[in-house]
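# Coordinates in review
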Amino acid sequence: MRRVGPVIQELILFSRADLERSIPSMLDGLKPGQRKILYACFKRNLKKDIKVCIGGDKTCLTSH
């Protein structure tokens, strides 16, 4: 097996993490980001339609 440099190793790790985030799960058909939004809605007991905005480093949920 060939040794790879630290930059190549980081690119491989990033690619695997990116694939995990971008491919939906076979169990429920949701991506991790979508699952987090649903969890927050259930936790807040939200029943109506809401607008979800992602800005900066935080997620905000506002009722509209």
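Computed from a prediction, not measured in an experiment: that's the story for all the values here.

### Some remarks on the overall build of the chain
Of regular secondary structure, the chain possesses two helices and two strands. The helix and strand sequence of the chain, counted from the amino end, reads α-α-β-β. A burial count over the chain gives 3% of its 64 residues as buried. As presented, the chain carries roughly 6,300 Å² of accessible surface, and 60% of it is formed by carbon and sulfur atoms.

### Quick notes on a nonpolar patch on the surface
A surface patch of nonpolar side chains, amounting to about 430 Å² of accessible area, comprises V4, V7, I8, L11 and I12. For V4, the position within the fold is in the segment before α1 (6-22).

### Focus on the pattern of salt bridges
Within the structure shown, the criterion is met by two salt bridges. Linking D18 and R21 is a salt bridge whose minimum nitrogen-to-oxygen distance equals 3.5 Å. In this pair, D18 and R21 both sit in helix α1, three residues apart, roughly one turn of the helix.

### A closer look at the confidence of the model for the chain
Of all residues in the chain, 77% attain a pLDDT of 70 or more, and the chain-wide mean is 80. For the chain, strand β2 (residues 58-63) is the element with the lowest average pLDDT, namely 51, and α1 is the one with the highest, namely 92.

### Observations regarding unusual backbone geometry
Even without a glycine there, the phi angle at N45 is positive, about 60°. With respect to the element layout, N45 can be found in the loop between α2 (32-43) and β1 (50-55). The exposure class assigned to N45 is exposed, which follows from its relative accessible area of 53%.

### Looking at α2
Here α2 contains twelve residues, and its C-alpha end-to-end distance of 16 Å stays within 8% of the 16 Å for a straight helix at 1.5 Å per residue. Trailing α2 by a residue or two, N45 shows a phi angle of about 60°, which is positive.

Rules used throughout
Residues numbered from 1 in each chain as written. Predicted model: local features only at pLDDT ≥ 70, side-chain atom pairs only at ≥ 80, totals over all residues. Heavy atoms only, no water. Helix = DSSP H or I, 4+ residues; strand = E, 2+ residues; numbered from the N terminus. Buried < 20%, exposed > 50% of the residue type's maximum accessible area, 1.4 Å probe, protein only. Areas by Shrake-Rupley, 256 points an atom, 1.4 Å probe, with all protein chains shown as cover. Patch = residues over 30% accessible without salt bridge, like charges linked within 9 Å, V, L, I, M, F, W, Y side chains within 5 Å. Salt bridge = Lys/Arg side-chain N within 4 Å of Asp/Glu carboxyl O. pLDDT = per-residue confidence, 0-100. Expected span 1.5 Å × (residues − 1).

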